[in-house]
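Observations on the model geometry
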Amino acid sequence: MKNIFYLVLFFSLSSSTMDKSRLVLNVMTFNIRYDNPDDNLNNWKYRKEEAVKLILSEKIDILGAQEVLVNQLKDISKKLPEYAVIGVGREDGKEKGEFSPIFYKKGKFTVVKSGYFWLSKTPEKPSKGWDAVCERIATWAEFKDNITGKKVFVLNTHFDHLGTVARKESVALIKQKVALLRTGLPQVIMGDFNAEPESSVIKKMLVATDSITLFDSKSVASKVYGSDWTFNGFGTIPIKERKIIDYIFVNKEISVNKYYVSAETVNGVFLSDHAPVFIKVSL
């Protein structure tokens, strides 16, 4: 009996040690749709409660959001007081225009460093890139988990919806920037890439180089749930014509335990014209 007791104690202590050294994260990318009065009953004011409830119910640790106007940023921050946010408006580097912010649990993480850059030939200042219609921005941060001490690099962005050259050049710029900033860390690169899985944009994102190799989290996930599309146009697009344009990419230092495209409606309310993409990872 004594031997059994010590054996159980050994495995209990071993499991406890492993749990403390293992970091499990819930990560989400979510294009929330900008606050557009022309959306009528799909306007932000009718959706924001359910959108925030989803973030809370999925216990999201790190959220990359897109199309966030400053009033929406304030709404989310007010309703999620346990989260802090990193990001600036893409039009002036302050509050004007859409943000591509990163929300994170401020009690869970310490921000080692963070920043942002524009998807253009002049990434250090507000600018449009190549044939892009709009200014586009990427927000990044290096987080340290306060319990395990493990670090993870996170980048969130939103590619131009019309600029074909801009999307391809944005891939090259992001991979170049990540290679400089990542310092050998586990990586999460997410956002609305306005490109389908078979497009040259996404294929280029997945091309391995000496400095960076990324994988679509869906393709390496142990379990995959949810719909086969992320953009629904508030339900106006026929199901057969809906596409995946929102992604979370990871490098080999991250194990994807679950990939899930969330339901597009909750209690009959569209969360956005995009469905959120959620992954559970370990590192």
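Our structure's up above, just so we're on the same page.
Residues numbered from 1 in each chain as written. Predicted model: local features only at pLDDT ≥ 70, side-chain atom pairs only at ≥ 80, totals over all residues. Heavy atoms only, no water.

Hydrogen bonds along the backbone pair up the strands of a sheet, which may run parallel or antiparallel. The strand order across the open sheet built from six strands is E5-E6-E7-E8-E11-E9, with neighbouring strands paired in mixed fashion. Of all strands in the sheet, those bounded by a partner on one side alone are strand E5 (109-118) and strand E9 (215-216). (Pairing = 2+ DSSP bridges. Helix = DSSP H or I, 4+ residues; strand = E, 2+ residues; numbered from the N terminus.)

Looking now at the pairing of strand E8 (residues 187-192). The buried fraction of E8 is high, at six of six residues. Of the two faces of E8, the one lined by Gln187, Ile189 and Gly191 and the one lined by Val188, Met190 and Asp192 are each fully buried. Two elements, strand E7 (residues 151-158) and E8, share six bridges in a ladder whose sense is parallel. In the sheet register, threonine 157 faces E8, and the bridge partner there is glycine 191. Between the parallel elements E7 and E8, the chain passes through helix H4 (residues 164-181) in a crossover that is right-handed. Pairing of E8 with strand E11 (residues 246-250) involves five bridges; the strand directions are antiparallel. Within the sheet, the bridge partner assigned to isoleucine 189 lies in E11 and is phenylalanine 249. (Buried < 20%, exposed > 50% of the residue type's maximum accessible area, 1.4 Å probe, protein only. Right-handed = clockwise from strand over helix to strand, strands pointing away.)

Counting residues in each nonpolar core, the largest one holds 27 residues, and the members touching the most others are Leu25, Ile62, Phe143, Val152, Val154, Val188 and Ile279. Contact partners of leucine 25, with chain neighbours within four places excluded, come to Asp61, Ile62, Lys108, Phe109, Val152, Ile279, Lys280, Val281 and Leu283. By size, the runner-up hydrophobic cluster in this structure holds 24 residues, among which are Ala138, Trp140, Val178 and Leu181. (Core = buried A, V, L, I, M, F, W, Y, C linked by side-chain atoms within 4.5 Å. Contact = heavy atoms within 4.5 Å.)

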